[in-house]
Structures are given as structure tokens and as C-alpha cells.
Amino acid sequence: MIKQALALLISFFTVQATFGQDSTEVVADTLVSFTVTKDEPVSKKVYKFDVKEEIGPPIWRKMQKAFAEAEEWEADLILLHMNTYGGMVIHADSMRTKILNNPIPVWVFIDNNAASAGALISIACDSIYMRKGANIGAATVVNQTGEAMPDKYQSYMRSTMRSTAEAKGRNPDIAEAMVDETIKVDGVSDSGKVLTFTASEAMMNGFCEGMYETIPELLKANGFPVYEQKTYEVTPLETFIGWMVNPAVSGILIMIIIGGIYFELQTPGVGFPIAAAITAALLYFTPL
């Protein structure tokens, strides 16, 4: 009887040990097969604004609205898509100041031209990217016939280019050489001509952070593998307002205002001159 009890007790502990070992192995297998997955890339917001026209009142007005919309949308980046031969210095200066003081980082992608005022705006951006075959420079101040303005104007533009380059950590001498052919930079500009860079030359001299063929390629290579893009859309009303604030159209409206008042004073009671003046005044002042 005692032998049977001992045999039963030994069998019980053997079974417990076996089950305990199997349980441990199962737990071990579960731990080994467990894998940690990496977090998915966080989608970022990119706001694109096209600068593909002459720099002047219309594009400056659009830029103010676009930047306000980008801030309201809480964009992570504003990307300027640049292709311009330049334009009015006063509005280019307003645009570069807006970029310099903007809380959201601003990049520019030059897919063809960033000449004159376009060069100033580009240099104000946090990063400059270019497509092969694109150019940046030639920022001499000229009049409507293409002739260089007196040195008074060139001096101010040289200073503006220098200060903008300094603000973004770029060589101010090179920026100044884009305005004045007398400025010589060793190894860069010693030919006595206004400086203009190709994309590869801009990269070698710190005025371009990279060359890409498309915007998606640019963004993917620079920290935006997953992003949501929003582009500033120009409405028909915006197109009409842009046409109305064009300097040529504004000049005509001012002439109608002055002429209408003058002829109304000369022939009081007619009504048509003053009606024309009031209409022109509404068209002139409403978009401002």
C-alpha cells in the first residue's frame, strides 16, 4: 500500500513538471515571435504658392492672402514655385520682407528663372532649390526701357541684396555682385559683368541647396516623405482685381478721375463726367 502511494505521488510530480516545462516553452515562443513595428511617417502640410508672373501689385496682393491662408491652415512649410524675370523693386522688397518675417519656413523651387526681383525674393527664402537649366541673378535696377537706373537706385538695391543674403547666411558679396558689375568676388565673379548663376554654380556657392526635377522629388528628399499639399487658387474675382491694380490700368483710372472732375467743373450739370469719375474712383480704391 505504501509502495503504491509513493508511485502515485512520483507520477503526480512528474506530470506537473512536464506541464510546467511546456508552459514555459509556450511563453518563450510567444516572446520570441513578438516584433515591434516602427511608427508610420507623420503627414505634414505643404502650402504651394506660384510666383510665375511679373513682380508687381497683383502678385504682392496674392502673396499676402496666400501666406495668411497658409498660417490659418497651420502649414508646416510654404513652397514658392518660381519662374519670373522680375518686376517692380518696391513690391519685391515687400515680398522679401514678408518672407523674412514669416513664422512658417519658406522654400523656393526655381524651375526656370529667378531674375532681378525674383532673385531678391529667392535669396530671402530659408532654402533655395533649382531645376537643371534654371538661373538666378541679374538684379540690376532698370527702367521700363531696360536701361540701368542711376547709382542712387543701384546703391539701395545692393544694400537690400546684401542684408537679405546676410539674414540667410549666404555670401553678401555674391548677392551684391548680382546687382553691380563692378563688384568682383574671387573665384566667382571677376569678369566685370553682372552675376547670374546656373543651378550648379548656385550650389557651389551656397545659393542653392539642391537640384531636383519635380516638387515631389524635392520634398521627399528633404524631410517630407508623406505630405498634404494645398495650392493657392486664383479665383475669377482675384484675376479681375489683379487686372485693376495693374499700374497701367491704375494710371488710366486716375486720369479718368481727374478728367471727370475737371470737365464737370467746366460744364456743371452735365453729369456724365462726374459719373465717370465716381465709377473710376470705385474701381481704383475698392481693390486696395
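Details of the structure are given in the entry above.
Because the structure is a prediction, the values reported are computed rather than measured.

S.K.: Explain the pattern of salt bridges here, please?
M.R.: Think of it this way: side chains of opposite charge can pair up when their charged atoms draw near. The full count for this structure, using the stated rule, is eleven salt bridges. A salt bridge links Lys168 to Asp126, with the shortest nitrogen-to-oxygen separation between them at 2.8 Å. With Lys168 in the loop between helix H5 (151–167) and helix H6 (172–177) and Asp126 in the loop between helix H4 (117–123) and strand E4 (127–130), this residue pair connects regions lying 42 residues apart in the sequence. Taking the relative accessible area as the measure of exposure, Lys168 reaches 23% and is therefore partly exposed. The shortest N-O distance in the salt bridge between Asp173 and Arg162 comes to 2.8 Å. Within this pair, whereas Asp173 is found in helix H6, its partner Arg162 is found in helix H5, the two being separated by eleven residues in sequence. Asp173 gets classed as partly exposed once you look at its relative accessible area, which sits at 35%. The partly exposed category is assigned to Arg162, whose relative accessible area is 25%. The network of salt bridges with common partners includes Asp151, Arg158, Arg162, Asp173, Glu176 and Asp180.

S.K.: What is the right way to look at the side chain of Arg96 in this model?
M.R.: Structurally, Arg96 can be placed in helix H3 (residues 89–100). Reaching out from Arg96, the side chain makes a polar contact with the side chain of Thr164 at a distance of 2.8 Å. Here Arg96 is in contact with Leu120, Ala124, Thr160, Ser163 and Thr164, once residues within four sequence places are set aside.

S.K.: It is not clear to me how the packing of aromatic side chains should be interpreted in this structure. Could you clarify?
M.R.: The final tally for this structure, using the stated rule, is six aromatic pairs. Through successive ring pairs, a cluster of aromatic residues spans Trp107, Tyr129, Tyr212 and Phe224. One Lys or Arg, Lys44, reaches over the ring of Phe224 and ends 5.0 Å from the middle of that ring.

S.K.: Even after reading the chapter, I still don't get the pairing of strand E3 (residues 106–115), so can you show me in this structure?
M.R.: When a strand is regular, its side chains alternate between the sheet's two faces. Burial analysis of E3 places nine of its ten residues in the buried class, which makes it a mostly covered element. Where strand E2 (residues 77–84) meets E3, six bridges bridge the pair, whose relative direction is parallel. Within E3, the position partnered with Leu80 by the bridge is Val108. The parallel pair E2 and E3, bridged by H3, forms a crossover whose chirality is right-handed. As judged from the four bridges shared by E3 and E4, these two strands associate in the parallel manner. Residue pairing across strands places Trp107 opposite Ser127, the latter belonging to E4. Regarding topology, H4 serves as the crossover connection from E3 to the parallel E4, and that connection is right-handed.

Quick notes on the rules
Residues numbered from 1 in each chain as written. Predicted model: local features only at pLDDT ≥ 70, side-chain atom pairs only at ≥ 80, totals over all residues. Heavy atoms only, no water. Salt bridge = Lys/Arg side-chain N within 4 Å of Asp/Glu carboxyl O. Helix = DSSP H or I, 4+ residues; strand = E, 2+ residues; numbered from the N terminus. Buried < 20%, exposed > 50% of the residue type's maximum accessible area, 1.4 Å probe, protein only. Polar contact = N/O pair within 3.5 Å; in protein donor to acceptor, adjacent residues only side chain to side chain. Contact = heavy atoms within 4.5 Å. Phe/Tyr/Trp six-rings, centres within 6.5 Å; stacked < 30°, edge-to-face > 60°. Lys NZ or Arg CZ within 6 Å of the ring centre and 35° of its normal. Pairing = 2+ DSSP bridges. Right-handed = clockwise from strand over helix to strand, strands pointing away.

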